[in-house]
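# Examination of the molecular architecture
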Amino acid sequence: MTEALVRTDLYAQVQHFYAHQMQALDAGRFEDYARTFTEDGVFQHSPGVEPAVTRPGIVAELIAFQRRFENDPVQRRHWFNHIALTPQPDGIVLSTVYALVVTVRPGSKPEIAPSCVVHDILECTEEGILTRSRRITHDQMF
Amino acid sequence: MTEALVRTDLYAQVQHFYAHQMQALDAGRFEDYARTFTEDGVFQHSPGVEPAVTRPGIVAELIAFQRRFENDPVQRRHWFNHIALTPQPDGIVLSTVYALVVTVRPGSKPEIAPSCVVHDILECTEEGILTRSRRITHDQMF
Amino acid sequence: MTEALVRTDLYAQVQHFYAHQMQALDAGRFEDYARTFTEDGVFQHSPGVEPAVTRPGIVAELIAFQRRFENDPVQRRHWFNHIALTPQPDGIVLSTVYALVVTVRPGSKPEIAPSCVVHDILECTEEGILTRSRRITHDQMF
């Protein structure tokens, strides 16, 4: 079975990598988030949009997205579940992960939508993990 | 404390086993899902229904369930949380896990219900993990 | 990167510790929950309330909270996500975790609110993990 091929420490490392990565994104620490990508990293946060490329490109994309909510204070939390890894040669790992976006506005209840799947290509080396490419698919688009 | 008795690698392996198992179920890969059970595996997906037994029995049950939604396209995602393991002798591990079923229909927001608890008996060997029996309880039935 | 500093076994142990801790809380096993804190443990379950201190103090607080729901049967499930650890000297680990409270009443659908962040100080020794202090912040209060 596929999961038997994944070293235990790699699995825990990927989980922890995602925890810090997504807490950085949700806290608006976009430079920190971009640094979890490779220098030439590719980030497509929604189906059909042009992907952001390179760390500065990812930061610019996130700032542009945030600007749309300037008059609408909102706290987002990206939840992940069922991280399924498929190792490839040369330290590359394909990672397929369920995601739900939790959106909270002041004084109101969280809205939990959309349901997504994250398709990552990860580079796993002795120095740690980096995202080479991230693509998101949305469950309601089928 | 109970958790100290569980080897680290076992815990990560069970998490990863569940990730692949549930992604197979939600993708409609029922043969793959059934193969995560032992040959004589038992699967009771809802309280009060007769459990499906053996891998072919599990596949048949899932196909019958899916048929009910032939004219109602739907994407389900089974989320898991708080995997609590209690090892028994001979490589048997009891696993109690929170579950939420996320149901998405085209163009609409996810419905998140019911809240369940998964009660698994797992067989953990050098070759990997298999589910010997799975029983689901529903939180709204109390 | 921060996550590289965390030993793999520590990460899996913390995850498993939380699984047992929160299943104890949600099952109403308050003595078991209190024992996951240090003897002088501090637990502030909501912003602005006086924290409960010591294990007997935590049990008393939880019993008092439960009494409010004597005529309102309810099953709560505290879901956790993205456990981000930052180790400190002397076996202390800061843990920042997303949380959603799933509340189920008989025959009805789960309510998923509020969205919170758990801020823990953990003591990690050879004997296992204990919570020294827990503070909860709520996302809708910003």
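Look a little higher up for the structure.
Calculation rules
- Residues numbered from 1 in each chain as written.
- Chains lettered and ligands numbered in written order.
- Predicted model: local features only at pLDDT ≥ 70, side-chain atom pairs only at ≥ 80, totals over all residues.
- Heavy atoms only, no water.
- Least-squares fit on C-alpha atoms with pLDDT ≥ 70 in both.
- Contact = heavy atoms within 4.5 Å.
- Salt bridge = Lys/Arg side-chain N within 4 Å of Asp/Glu carboxyl O.
- Buried < 20%, exposed > 50% of the residue type's maximum accessible area, 1.4 Å probe, protein only.
- Buried area = accessible area lost by both parts, 1.4 Å probe.
- Polar contact = N/O pair within 3.5 Å; in protein donor to acceptor, adjacent residues only side chain to side chain.
- Helix = DSSP H or I, 4+ residues; strand = E, 2+ residues; numbered from the N terminus.
- Nonpolar A, V, L, I, M, F, W, Y, C, P; charged D, E, K, R; others polar.
- Pairing = 2+ DSSP bridges.
- Axes fitted to C-alpha atoms, helices over the stretch in contact; angles between N-to-C directions.
- Parallel < 35°, antiparallel > 145°, perpendicular 65-115°, else oblique.
- Left-handed = near helix turned anticlockwise from the far one by under 90°.
- Phe/Tyr/Trp six-rings, centres within 6.5 Å; stacked < 30°, edge-to-face > 60°.
- Lys NZ or Arg CZ within 6 Å of the ring centre and 35° of its normal.
- 1 Å grid on protein atoms, 1.4 Å probe; cavity = no way out; pocket = protein on both sides within 12 Å on 5 of 7 lines; lining within 4 Å.
- Points joined across faces, edges and corners; volume = space filled by probe spheres on them.

Below, the discussion takes up the relation of the copies chain B and chain A. It takes a turn of 120 degrees to lay chain B on chain A, together with a shift of 0.0 Å along the axis; the resulting RMSD is 0.0 Å. With respect to symmetry, the two chain copies, as superposed, fit the operation of a three-fold axis. For chain B, the minimum C-alpha distance to the rotation axis belongs to B:Ala12 and amounts to 3.8 Å. Mapped onto chain A, only 16% of the interface residues of chain B again fall at the interface, so the copies present different surfaces.

Turning our eyes to something else, we now look at the relation of the copies chain A and chain C. Here chain A sits on chain C after a turn of 120 degrees about the axis and a move of 0.0 Å along it, with an RMSD of 0.0 Å. A low fraction, 16%, of the interface residues of chain A reappear at the interface in chain C, so the copies pair through non-equivalent surfaces.

Turning our attention to the pattern of salt bridges. Here the structure, examined in full by the defined rule, presents 27 salt bridges over all chains. A salt bridge links A:Arg29 to A:Asp32, with the nearest nitrogen and oxygen atoms 2.7 Å apart. C:Arg132 is the partner of C:Glu123 in a salt bridge, and the nearest nitrogen-oxygen pair spans 2.8 Å. Looking at C:Glu123, the relative accessible area reads 23%, which means it is partly exposed.

Contact with chain A, which involves 31 residues of that partner, is made by 29 residues of chain C. Of the roughly 2,500 Å² buried where chain A meets chain C, counting both sides, 65% is carbon and sulfur surface. Its largest share of buried area at the contact with chain C, chain A owes to A:His16, A:Gln23 and A:Trp79, together 29% of the area lost on that side. Applying the counting rule to chain A against chain C returns 2 salt bridges. One salt bridge in this structure joins C:Glu111 and A:Lys109, with 3.3 Å as the shortest N-O distance. Our enumeration of links across chain A and chain C arrives at 12 residue pairs in polar contact (both at pLDDT 80 or more). For the side of chain A that touches chain C, the secondary-structure elements that each account for two or more residues are helix 1 (8-26), strand 3 (75-87) and strand 4 (92-104) of chain A. Of the residues forming the side of chain A that touches chain C, the biggest block, 13 residues, is contributed by helix 1 of chain A. Taken together, the residues that form the side of chain A that touches chain C break down as 15 nonpolar, 11 polar and 5 charged.

It is worth spelling out the interface of chain B and chain A at this point. Taken together, the contacts link 31 residues of chain B with 29 residues of chain A. Approximately 2,500 Å² of surface area, both sides summed, lies buried where chain B meets chain A, with 65% of it carried by carbon and sulfur atoms. Counting the surface chain B buries against chain A, the share from its top three residues, B:His16, B:Gln23 and B:Trp79, is 28%. Note that B:Arg77 is salt-bridged to A:Asp139, the shortest N-O span being 2.6 Å. Run the count over chain B and chain A and you get 11 residue pairs in polar contact (both at pLDDT 80 or more).

Overall, mixed pairing links the 6 strands, which are arranged 2-1-6-5-4-3 (chain B) in an open sheet. The open sheet has two free edges, formed respectively by strand 2 (52-53) and strand 3 (75-87) of chain B, since each of these has just one partner strand. Both strand 1 (residues 37-44) of chain B and strand 6 (residues 128-138) of chain B contribute to a ladder of 4 bridges, which runs parallel. In the strand pairing of strand 6 of chain B, B:Val42 is matched with B:Ser133. The sheet contacts of helix 3 (residues 55-67) of chain B involve strand 1, strand 2, strand 3 and strand 6 of chain B, and relative to strand 1 of chain B the element is tilted by about 35 degrees. Across the sheet, helix 1 (residues 8-26) of chain C is in contact with strand 3 and strand 4 (92-104) of chain B; its angle to strand 3 of chain B comes to roughly 95 degrees.

Attention now goes to the sheet that holds strand 4 (residues 92-104) of chain C. All names here are of chain C. The 6 strands are arranged 2-1-6-5-4-3 in an open sheet whose pairing can be described as mixed. Because the sheet does not close on itself, it has two edges, and the strands there are strand 2 (52-53) and strand 3 (75-87). Contacts between helix 1 and the sheet are confined to strand 1 (37-44), strand 3, strand 4, strand 5 (111-125) and strand 6 (128-138), with strand 3 contributing the most and set at about 155 degrees to the helix. Along the sheet, helix 3 (residues 55-67) makes contact with strand 1, strand 2, strand 3 and strand 6, crossing strand 1 at roughly 35 degrees.

Attention now goes to the packing of helix 1 of chain A against helix 1 of chain C. At their nearest, the axes of helix 1 of chain A and helix 1 of chain C sit 9 Å apart, and the two run at 65 degrees to each other. As judged from the angle between their axes, helix 1 of chain A and helix 1 of chain C are roughly perpendicular. Note that helix 1 of chain A runs across helix 1 of chain C; the crossing there is left-handed. The residues of helix 1 of chain C that touch helix 1 of chain A, namely those facing A:Thr8, A:Asp9, A:Ala12, A:Gln13, A:Gln15, A:His16 and A:Ala19, are C:Thr8, C:Tyr11 and C:Gln15. Grouping the constituent residues of the contact of helix 1 of chain A with helix 1 of chain C by class yields 3 nonpolar, 6 polar and 1 charged.

On to the packing of aromatic side chains. Residue and element names in this part refer to chain A. This model, assessed by the stated rule, comprises 18 aromatic pairs over all chains. Ring geometry for Phe65 against Phe69: centres 5.4 Å apart, planes inclined by 50 degrees, an arrangement best described as tilted. An aromatic cluster of three or more residues is present, and its members are Phe17, Tyr18 and Phe80. When the ring centre of Phe69 is taken as origin, the NZ or CZ atom of Arg76, which lies over that ring, is 4.3 Å away.

Another point: empty space enclosed by the protein. With the rule as written, the count across this model stands at 5 cavities of 30 Å³ or more. For the largest cavity, the calculated volume is near 440 Å³. Lining of the largest cavity is provided by 22 residues; of these, A:Gln15, B:Gln15, B:Asn81, C:Gln15 and C:Asn81 occupy positions nearest its centre. Put simply, the parts of the chain that give the lining of the largest cavity at least two residues each are helix 1 and strand 3 of chain A, helix 1 (8-26) and strand 3 of chain B together with helix 1 and strand 3 of chain C. Classifying every residue of the lining of the largest cavity gives 13 nonpolar, 9 polar and no charged.

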